[in-house]
Amino acid sequence: DPIKLGYNGAPDAKKNAVHYFAETLEKIVEEKTDIEIELFPNSQLGSEQERMENTLASPMLNVASFAGLSPVVPESFVSNTPFMFGSPEEARSFFDEGKYWGMVEAAFAERTGGSEILAVVEEGGFLAFTSTDKAIHTPADFDGMKFRAMDPSQVALYEAMGASGTPIPWTEVYSALQTGVVEGQMNPPLYIILGSLNEVQKYMTRANVQYSMQFLVGNGEWLASLSDEDRAVLEAAVVEANNKTRAKVQATVEERVTWLAENGMEVITPTADQLAEFQKIGQPSFINWLGTQSIDKSFIEAAFADLGKSDLLK
Amino acid sequence: MLAALQKWLARLTLGVSSLLVAWVTGFILYGVGARYFFGSSPIWFDELARYSIIGAAMIGVGAVWVEGAHMRVSILEKRVAPPLRRVIITYQWVLTVALAGAMTWFSYEYVGKVGFFKTPGLQISRSWPVAIMPLGFGLLFLLALLNGPKAMRDQVVEGDQ
Amino acid sequence: MITVMLLVMLIHVLIGMPLFISLMVTAVVGFGFVGFDQMSRIFPQQTFGGIDVFSLMAIPLFILAGNLMNNGNMTPRLLQLADRLVGHLRGGLGHVNVVASVFFAGINGSAVADTSALGTLLVPGMRKAGFPGHYAAGLTAASSLIGPIIPPSIFMILYASQTGTSVGSLFLGGILPGLALGLAFIAMNVIYARIYGVEKQAKRARLREIACAAYRALPALVAPIIIVAGIVFGVVTPTESGALTVAYVAIWGVVSGNLNLRSLWASLRDTAVLTSAVFVIIAISSVISWQLAFADAPEAFAELLAPFAHSPTLTLIAISLVTFVTGMFMEEVSALMLLTPIFLPVAQVTGIDPVHLGIVITLNITIALITPPMGACIFVASAVGKVDIARLFVAIWPFIAVALSVLMIIILVPGLTTWLPSILK
Ligand code: NA
Ligand code: NA
């Protein structure tokens, strides 16, 4: 039987990096092994939590977002700390070589009885803030504004900067921004384009909020059933597909920002000092929030040690 | 006795379901108001509204069945000879009871399986909202069982959406 | 797999099983194809997931608003206004029927509610005026199709939730097609009034009388303004506009003495019943949608459409054909939920505007409400108009033909759907 690979978003390699990754992985694996991979884009196999449930229960591959992964390993939230990475390279080595991510992978395998996080898949670069009438240069500019926030950690972030957070489902974001129900949101440039948000948002602030990524997860029973040879090919294929996706994401992010600038948005790039200020104000609120989750302190310490920023925790 | 129990149970559940509809309407209005007067609505706002509506819908499934208000086509059933009609009605009943029973069991088991997922808004175990399902299908099972193999009430008006 | 499932579904529907039970049996058979080991997990998972959707919350809200309007004396006032406006024309009550449906459409997302309310009030009168009962019932059912095309619309909300299209754009896109549908039925009624030799009924109303009726109907006319203006000019999201409409209608009804505790409770109860009946179908049908996706059935459907991919028009016609045939046998909400994800990728490749596609699919699904043998609006019209169902099955076809012609125009002229959203958004 072919193994099913489910993920979010359209089967369009230009717009959806996750689809590009899936397609590339399929091609490499099918060339080199007898394993057949069948792609299911557009959340056809279910929502985030549903796909994760199914991946843990029956043979399947799944690209999960934080919404799917974090219920199993809330520790993964640490990697979503705002203003954590200065560059894509820093984010990559954090996941590829850091001690913290190894601990998350181990915790995931242990709690699921053998299922594994196989890769961290890049989606569309850093998230940027967008806003309707007020340009955002520093955290002080957030004062009194209403933002779309999708989980308690985002609410904590906005509140730390003096703004408020309100949940708006993605299908209603455009009209909510247009009509002033909320005055801003954050997303990678890719989603700003997909949602035509440039039509209703004047400013985009590239504050490197969070690095957008998803996670390839494989069912444990299925992985165990593979021959050593196939397993090695699969792992190599994952790395190769991931490298290709990273190169592609890197190349397209700047194109997208240029496109947005040409299509009605004023792009703001904060200075190093301003970025440091975002970090100073935004991070503690998030770290506090992490404290309220069932996350062992050792994970937080390991993550900041990996970045060489342990002093930020004091 | 059984008929009275069925009637009473149906009225009670439909009453709860109606109250939930009223509550959701009020709650959504509160959300709109909160956003205008306090600048933001709580992060668990749409989640609670959703779960309340699911509750209203699932809790009422059995009572609506008793009322014969589920959408169906009853033309053929009325035009066949009485013996065949009896067979059809018995089959309808057995199948409804069996499926409702199976679904109660499946969804009860499922409640246990999703316990470690937390809902993103309310931050409660996913088991809580999901538990509406065994409740709803359990009520359908019970109400259908109490009904016995009788002809279903005809709909006065067939709803669509 | 699809054939077997369709057959099982059809048999159970025909022997009078409630649709959701028929869908459950079909789902059990479906698990035979995708693996019984999945059943105990996927069945409850997808049942819950199918209704755990934010935009579905608008359904009970709009149903409740409609119920409150019926119980709170707003509906008869709308009828009276329509009567004063067009009641003096030949076959005037037929026009009233259509025009009332247009007004109704602005409040109500449900064609069945429209059919039942207007059918009760107008079919007896149309009979007296000289129309045959089956024509009167047919016109009531057919003109109620305007309901889900002019915003608000439950079908559009469902489409939007599946495709990520903006609900606001779809609502705006439906206005012109809805009016076109109304004009088409009025034109048809002009012709049929002559054929049946229907005489003029009322005298032309004086301006004062029209103004008076308009004044009395004002509270009812404000409701659609709340909905459309609220969404377009910026106060609320579409779901929230449902709650605001309910609040408005309820408060007006209570303050004006048209609603009391008893009628409020009756409205809530009827809403709960319909919500339950609708949600359980959506819930179970999403299990089947999952099975079809898991078995890669959409791929097969998409391949069927592939030869037309070079032309948006041909693709839309092919999509309409598939929907029409499916809609004859399938419950409309399930058909919409099942077909949309199949059509979307094909339309994306062909370059069809998602709003245009949404209106075409909505109109198709709406037409399914009046296509025999399974169409909720025909059943309701036959019940409230006391018309033999078999007779109505025949009499409905001219109306279907008219609706299909309008559909054809909407396919050929995308501007009818995309123009309003493009200037107002
Ligand atoms: Na409408
Ligand atoms: Na039909």
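Under an unreviewed UniProt entry, the name given to chain B is TRAP transporter small permease protein, and the source organism is Pelagimonas phthalicica. The UniProt entry for chain B carries the following comment under Subunit (unreviewed entry): "The complex comprises the extracytoplasmic solute receptor protein and the two transmembrane proteins."

### Overview of the interface of chain B and chain C
Taken together, the 61 residues of chain B in the interface contact 70 residues of chain C. When chain B packs against chain C, the two sides together hide about 5600 Å² of surface, and 75% of this comes from carbon and sulfur. Our count for the chain B to chain C interface comes out at 2 salt bridges. As a salt-bridge pair, Arg 269 of chain C and Glu 67 of chain B come within 2.3 Å of each other at their nearest N and O atoms. For the pair chain B and chain C, the interface holds 7 residue pairs in polar contact (both at pLDDT 80 or more). Elements with a contribution of two residues or more to the side of chain B that touches chain C: helix H1 (2-37), helix H2 (45-67), helix H3 (75-79), helix H4 (82-113), helix H5 (127-130) and helix H6 (132-147) of chain B. A per-element tally of the side of chain B that touches chain C places H2 of chain B first, with 15 residues. Within the side of chain B that touches chain C, the residues separate by chemical class into 39 nonpolar, 11 polar and 11 charged.

### Looking at the pairing of strand S3 (residues 61-64) of chain A
Looking down a regular strand, the side chains alternate between one sheet face and the other. Residues and elements named next belong to chain A. Along S3, one buried face is formed by Leu 61 and Val 63 and the opposite face, lined by Asn 62 and Ala 64, is buried too. As paired elements, strand S1 (residues 3-6) and S3 share 2 bridges and run parallel to each other. By the bridge assignment, Leu 5 is partnered in S3 with Leu 61. Looking at chain direction, S3 and strand S10 (residues 211-218) are connected through 4 bridges and run antiparallel. Looking across to S10, one finds that Ala 64 is bridged to Phe 215.

### Brief notes about helix H2 (residues 19-34) of chain C
All names here are of chain C. Across its 16 residues, H2 extends 22 Å between first and last C-alpha, which sits within 8% of the 22 Å expected from 1.5 Å per residue. Of all 16 residues that make up H2, 12 are buried, and the element is covered over most of its length. When H2 is considered as a whole, its buried residues turn out to be Leu 19, Phe 20, Ile 21, Ser 22, Leu 23, Met 24, Val 25, Thr 26, Ala 27, Gly 30, Phe 31 and Val 34. Phi for Gly 35, located one or two positions after H2, is positive at around 115 degrees.

Calculation notes
- Residues numbered from 1 in each chain as written.
- Chains lettered and ligands numbered in written order.
- Predicted model: local features only at pLDDT ≥ 70, side-chain atom pairs only at ≥ 80, totals over all residues.
- Heavy atoms only, no water.
- UniProt positions renumbered as here; feature names shortened; annotations may be inferred.
- Contact = heavy atoms within 4.5 Å.
- Buried area = accessible area lost by both parts, 1.4 Å probe.
- Salt bridge = Lys/Arg side-chain N within 4 Å of Asp/Glu carboxyl O.
- Polar contact = N/O pair within 3.5 Å; in protein donor to acceptor, adjacent residues only side chain to side chain.
- Helix = DSSP H or I, 4+ residues; strand = E, 2+ residues; numbered from the N terminus.
- Nonpolar A, V, L, I, M, F, W, Y, C, P; charged D, E, K, R; others polar.
- Buried < 20%, exposed > 50% of the residue type's maximum accessible area, 1.4 Å probe, protein only.
- Pairing = 2+ DSSP bridges.
- Expected span 1.5 Å × (residues − 1).

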